[in-house]
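For reference, the chains in residue letters:
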Amino acid sequence: MTAVGYVDLLIPRGGAGLIRACVENAKVPCIQTGTGICHIFVDDTADQTKALDIIENAKASRPSVCNAEEVCLVHSAIAREFLPKLAQRLGPDRTAKVCTRWNCGWTSALRPHPRHPRRPKDFDTEFLDYILAVKVVDSVEEAIAHIAAHSTGHSEAILTRTDAHAALFTAAVDSAASTSTAPPASPTAESSALAVRWASPPRSSTPGDPWASASCAATSTSSTATVRPGKFRIFPG
């Protein structure tokens, strides 16, 4: 932060504490980014194998960065089948585990995975750790409403094979990055097996206070992830 003449620009990728420390103490140019409570919605038509890969990568590859996934929303139509797979993938199948935490109506389907209680403000917390809050929703509209209530406007994604759901999600979600795995309109536009659409929804003309979110209350001042057991919480809305 003080290496004038050696560092041209700082771009802090982490929690509010790290960003604030750079803004307040840096003697070199610094881009002030924002906190990220980022969501992935697993729709009822999602490819579940790909969904598990995407969620594990989004949550566990670098949990301390601001665009790591913090909340997973799962459609109720596939919850009984998908949640045990997710708990297995993020728990027993990993060395650095995202351990399971839940208290919802799906617990009978989630055994034998351990159950842990919900904590207040989970949906408004940027964990920056091996912790993932999970909620079961009944529709894409409910997922969009949840994101509108709790997102910091950073990055959100829908995993679906229903084009209409993808179009609704990317149009309605007011975040800097809104992505979808729905099939593209033109197959020739594909460059990989997994299609990802990027959309730029209209943004509010009035910028918000980057420190106003409740997620800023207790966050790390380091952008380096520490490998330690985490928590994966599932609970009803």
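This text follows the structure it describes.
Residues numbered from 1 in each chain as written. Predicted model: local features only at pLDDT ≥ 70, side-chain atom pairs only at ≥ 80, totals over all residues. Heavy atoms only, no water.

Colleague: I'm lost on unusual backbone geometry in this one. Help?
Modeller: Most of the time, phi is negative for any residue but glycine, and the peptide bond is trans. Positive phi values are uncommon outside glycine, yet leucine 128 reaches one of about 55 degrees. For leucine 128, the position within the fold is in the loop between α4 (107–110) and β4 (131–137). Its relative accessible area of 8% is what places leucine 128 among the buried residues. (Helix = DSSP H or I, 4+ residues; strand = E, 2+ residues; numbered from the N terminus. Buried < 20%, exposed > 50% of the residue type's maximum accessible area, 1.4 Å probe, protein only.)

Colleague: Even after reading the chapter, I still don't get the nonpolar core, so can you show me in this structure?
Modeller: Soluble, globular proteins show a tendency: their nonpolar side chains are buried together. Within the largest apolar cluster, 23 residues are counted, with the highest numbers of intra-cluster contacts made by Val42, Ile55, Cys72, Val74, Phe82 and Leu86. Among the elements of the structure, β1 (38–42), α2 (48–60), β2 (69–75), α3 (76–90), β4 and β5 (155–159) are those that each provide at least two residues to this core. Among the elements that take part in this core, α3 stands out by supplying six residues, more than any other. Ignoring any residue separated from it by four or fewer positions in sequence, one finds valine 42 in contact with Ala51, Ile55, Cys72, Leu73, Val74, His75, Ile78, Phe82 and Leu159. (Core = buried A, V, L, I, M, F, W, Y, C linked by side-chain atoms within 4.5 Å. Contact = heavy atoms within 4.5 Å.)

Colleague: How do you make sense of the packing of helix α5 (residues 140–150) against helix α6 (residues 163–172) when you look at a structure like this?
Modeller: For any two helices packed against each other, one specifies the inter-axial angle together with the distance between the axes. Taken N-terminus to C-terminus, the directions of α5 and α6 make an angle of 15 degrees; their axes are 10 Å apart at the nearest point. Classified by the angle their axes make, α5 and α6 are roughly parallel. For the crossing formed where α5 meets α6, the hand is right-handed. Across from Val140, Glu141, Ile144 and Ile147 in α5, the residues of α6 making contact are His165, Leu168, Phe169 and Ala172. A breakdown of the residues in the contact of α5 with α6 according to their chemical character gives six nonpolar, one polar and one charged. (Axes fitted to C-alpha atoms, helices over the stretch in contact; angles between N-to-C directions. Parallel < 35°, antiparallel > 145°, perpendicular 65-115°, else oblique. Left-handed = near helix turned anticlockwise from the far one by under 90°. Nonpolar A, V, L, I, M, F, W, Y, C, P; charged D, E, K, R; others polar.)

Colleague: Which parts of the structure should I look at to understand the pairing of β1?
Modeller: As a general feature of sheets, a regular strand has side chains that alternate between the two faces. With five of five residues buried, β1 is to be regarded as a mostly interior element. Of the two faces of β1, both are covered, the one formed by Cys38, Ile40 and Val42 as well as the one formed by His39 and Phe41. Here β1 pairs with β2 via five bridges, running parallel. Residue pairing in the sheet places isoleucine 40 in a bridge with cysteine 72 of β2. Once the chain exits β1 it traverses α2 before rejoining the sheet at β2, and the crossover so formed is right-handed. Here four bridges tie β1 to β5, and the two strands are oriented parallel to one another. (Pairing = 2+ DSSP bridges. Right-handed = clockwise from strand over helix to strand, strands pointing away.)

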